[in-house]
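The chain contents come next:
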Amino acid sequence: MKDRPHSGTAYSDASTIARPSDDDRFMREALDEGRLAAGHGDVPIGAAIVRDGAVVARAGNRREIDADPTAHAEVIAIREAARALGRWRLSDCALYVTVEPCAMCAGAAVLARIALVVFGAPDEKAGAVRSVAELLEAPWMNHHPRWRYYPLLRDEVERLLGEFFAVQRKTGRSRTRMPS
């Protein structure tokens, strides 16, 4: 993971955005959603959208259960928040997600005008905030959400992922295996 400070700027009043002191509470909400996703066979990644100190939407991955490759926790939570708030611009909202967003999810955060992205564990293979790509800071993007890495639950997030994939390997339900 690259060690550079974020440079994104929010388009909303900073007082409406979750503060670092709120990170543990909201990251635990996202982690709970990740656990629920594992319960139905999906990779245990969870997300929560926060506005004015309250969760307005939450979701876990649903790719397997919905047979939808775009059913990532972040995308579902963004859709649900837009529905709940009655608008697509979420410029006064923060996205909490257990694992660093991929390119699709980082792009969705930009398109939804999310003010802040907070993630609990880096994704060295597909993370598009700072590990593999830095989409939130790409000069050609029309919005640059601020972001924070919240490492205090990283061990718990990685343990949940590790346990999930160990069960997948043991039961032969690996996602990379093609049917014969």
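My aim in this report is to walk through the structure given alongside it, one point at a time. Note that this is a predicted model, so its numbers are computed, not measured.

Further remarks concern the overall build of the protein chain. Helix and strand content of the protein chain: five helices and five strands. Ordering the α and β elements of the protein chain from the N terminus gives α-β-β-α-α-β-α-β-β-α. Buried positions account for 48% of the 180 residues belonging to the protein chain. Look at the contacts in the protein chain between residues 6 or more apart in sequence, and 64% of them connect residues 24 or more apart.

The five strands lie next to each other as β2-β1-β3-β4-β5, forming an open sheet whose pairing is mixed. Among the strands making up the open sheet, the edge pair consists of β2 (54–60) and β5 (146–149). On average, each strand axis in the sheet is tilted by 20° relative to the strand beside it, whichever way the strands run. The pairing of strand β1 (residues 46–51) with strand β3 (residues 94–99) spans four bridges and is classified as antiparallel. From the neighbouring strand, Ala48 faces β3, where its bridge partner is Tyr96.

Further remarks concern the side chain of Asn61. Tracing the chain through its elements places Asn61 in the loop between β2 and α2 (63–66). In terms of polar contacts, Asn61 uses its side chain to reach the backbone amide nitrogen of Ala73, at 2.8 Å.

This paragraph deals with the pairing of strand β4 (residues 116–121). Burial analysis of β4 places six of its six residues in the buried class, which makes it a mostly covered element. In the sheet, β3 pairs with β4 via five bridges, with the strands oriented parallel. Residue pairing across strands places Tyr96 opposite Val118, the latter belonging to β4. The handedness of the β3 to β4 crossover, carried by helix α4 (residues 103–111), is right-handed.

In contact at an axis separation of 11 Å, helix α1 (residues 23–39) and helix α5 (residues 154–171) are set at 5° when each is read in the N-to-C sense. Judged by the angle between their axes, α1 and α5 are roughly parallel. Contacts between α1 and α5 involve Arg28, Leu31, Gly34, Arg35 and Ala38 from the first element and Glu156, Val157, Leu160 and Phe164 from the second. Residue composition of the contact of α1 with α5, by class: five nonpolar, one polar and three charged.

Here we take up unusual backbone geometry. Backbone geometry places Asp52, a non-glycine residue, at a positive phi of 50°. Looking at where Asp52 falls in the secondary structure, it is placed in the loop between β1 and β2. Not every positive phi belongs to a glycine, and Ala67 is a case in point at roughly 50°. If you trace the backbone, Ala67 turns up in the loop between α2 and α3 (73–85).

Moving on, we get to the environment of Glu80. Secondary-structure assignment places Glu80 in helix α3. For Glu80, a relative accessible area of 35% gives the class partly exposed. When the C-alpha atoms of Glu80 and Ala57 are compared, they prove to be 5.6 Å apart, with 23 residues separating the residues in sequence.

Attention now moves to α5. Here α5 is 18 residues long and its end C-alpha atoms lie 26 Å apart, about the 26 Å a rise of 1.5 Å per residue gives. What α5 keeps buried is the set Val157, Leu160, Leu161, Phe164 and Gln168. With its buried residues spanning 90° around the axis, α5 presents them on a single face. α5 presents Asp155, Arg169 and Lys170 as exposed residues on the side facing more than 90 degrees away from its buried surface. Those residues of α5 hidden inside the fold are in contact with α1, β3 and β4. Following α5 by one or two positions, Gly172 has its phi on the positive side, about 75°.

About the thresholds
Residues numbered from 1 in each chain as written. Predicted model: local features only at pLDDT ≥ 70, side-chain atom pairs only at ≥ 80, totals over all residues. Heavy atoms only, no water. Helix = DSSP H or I, 4+ residues; strand = E, 2+ residues; numbered from the N terminus. Buried < 20%, exposed > 50% of the residue type's maximum accessible area, 1.4 Å probe, protein only. Contact = heavy atoms within 4.5 Å. Pairing = 2+ DSSP bridges. Axes fitted to C-alpha atoms, helices over the stretch in contact; angles between N-to-C directions. Polar contact = N/O pair within 3.5 Å; in protein donor to acceptor, adjacent residues only side chain to side chain. Right-handed = clockwise from strand over helix to strand, strands pointing away. Parallel < 35°, antiparallel > 145°, perpendicular 65-115°, else oblique. Nonpolar A, V, L, I, M, F, W, Y, C, P; charged D, E, K, R; others polar. Expected span 1.5 Å × (residues − 1). Arc of directions from axis to C-beta.

The analysis is restricted to geometry; functional conclusions fall outside its scope.
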